[in-house]
Amino acid sequence: MEIYKLRKPIIDGAEFMYELKLDFDSLTTNDYFRAERMVKINHKKENIIVPELNKKFLAYIVAYAAKVVPENIFQLSIQDFIYVTNMATSFLLDGESDTQESLMIAEKAEADQD
């Protein structure tokens, strides 16, 4: 499990959240398919070609890894959001969520997709 300290806290109910406890290793195939389903349901116009590079899909993966509601992830500052979704991409593509090289590869692949 990794603890990511948020640059800007978010509000969860009546409490401030200052960090995310990300347990990517606890995720299952069901979480992966549930994230795909949630994107299809909540973001109907979203066309997912490569889920591991889709930020909305990754937001759900991060939420499941942090055991928080997805709305919390969508409240994150853009810097926190990009960082934790890149962690998710790295984990999904090569099993590591904290390698700088993996983050750079994921960012390059995402830029090439656009």
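Up top is the structure these notes are about.
Fair warning: this is a prediction, and the values are worked out from it, not measured in the lab.

Peer 1: For this particular structure, what's the right way to read helix 4 (residues 78–94)?
Peer 2: Side chains that are three or four residues apart share a direction in an α-helix, a result of its 3.6 residues per turn. Over its 17 residues, helix 4 runs 24 Å from end to end, which matches the ideal 24 Å to within 8%, given 1.5 Å per residue. Along helix 4, the residues that are buried comprise Asp 80, Phe 81, Val 84, Thr 85, Asn 86, Met 87, Ala 88, Thr 89, Ser 90 and Phe 91.

Peer 1: Looking at this structure, how should I read the nonpolar core?
Peer 2: In globular proteins that are soluble, nonpolar side chains generally tend to be buried together. Within the largest apolar cluster, 29 residues are counted, with the highest numbers of intra-cluster contacts made by Leu 20, Leu 22, Phe 24, Ile 73, Leu 76 and Val 84. Of all the elements in the fold, those that place two or more residues in this core are strand 1 (2–12), strand 2 (15–22), helix 1 (29–42), helix 2 (55–66) and helix 4. Ranked by residue count, the leading element in this core is helix 2, at 10 residues. Those residues in contact with Leu 76 that sit more than four places away from it in its chain are Leu 6, Ile 10, Leu 20, Phe 81 and Val 84.

Peer 1: Please clarify how the packing of aromatic side chains should be interpreted in this entry.
Peer 2: Both the distance between ring centres and the angle between the ring planes are used here to describe each pair of aromatic rings. The tally for this structure, following the rule as stated, stands at 7 aromatic pairs. Consider the rings of Tyr 32 and Phe 57, whose centres lie 5.1 Å apart with planes at 70°: the pair is edge-to-face. Placement of Tyr 32 in helix 1 and of Phe 57 in helix 2 is noted, with a sequence separation of 25 residues between them. Each member of the pair, Tyr 32 as well as Phe 57, is classed as buried. Among the aromatic residues, ring-to-ring pairing joins Tyr 32, Phe 33 and Phe 57 into one connected group. Seen from the ring of Tyr 64, Arg 34 lies directly overhead, with NZ or CZ sitting 3.7 Å from the centre.

Peer 1: Looking at this structure, I do not really get the pattern of salt bridges. What am I missing?
Peer 2: Side-chain pairing between opposite charges can occur once the charged atoms of the two side chains come close. One pass over the full model with this rule turns up 2 salt bridges. Residue Glu 19 pairs with Lys 5 through a salt bridge whose shortest N-O separation is 3.1 Å. Pair noted here: Glu 19 is in strand 2 and Lys 5 is in strand 1, with a separation of 14 residues, a long-range link. On the basis of relative accessible area, Glu 19 is assigned to the partly exposed category, the value being 28%. Between Arg 34 and Asp 31 there is a salt bridge, with the nearest N and O atoms lying 2.9 Å from each other. In this pair, Arg 34 and Asp 31 both sit in helix 1, 3 residues apart, roughly one turn of the helix. The class of Arg 34 is partly exposed, set by a relative accessible area of 33%. Among the residues examined, Asp 31 registers a relative accessible area of 13% and is labelled buried.

Peer 1: For this particular structure, what's the right way to read the pairing of strand 1?
Peer 2: Side-chain direction in a regular strand flips from residue to residue, so the side chains alternate between the two faces of the sheet. As judged from the 7 bridges shared by strand 1 and strand 2, these two strands associate in the antiparallel manner. The residue bridging Asp 12 from the neighbouring strand is Glu 15, located in strand 2. Between strand 1 and the antiparallel strand that follows it, strand 2, lie 2 residues; Gly 13 among them carries a positive phi value of about 70°.

Conventions used here
Residues numbered from 1 in each chain as written. Predicted model: local features only at pLDDT ≥ 70, side-chain atom pairs only at ≥ 80, totals over all residues. Heavy atoms only, no water. Helix = DSSP H or I, 4+ residues; strand = E, 2+ residues; numbered from the N terminus. Expected span 1.5 Å × (residues − 1). Buried < 20%, exposed > 50% of the residue type's maximum accessible area, 1.4 Å probe, protein only. Core = buried A, V, L, I, M, F, W, Y, C linked by side-chain atoms within 4.5 Å. Contact = heavy atoms within 4.5 Å. Phe/Tyr/Trp six-rings, centres within 6.5 Å; stacked < 30°, edge-to-face > 60°. Lys NZ or Arg CZ within 6 Å of the ring centre and 35° of its normal. Salt bridge = Lys/Arg side-chain N within 4 Å of Asp/Glu carboxyl O. Pairing = 2+ DSSP bridges.

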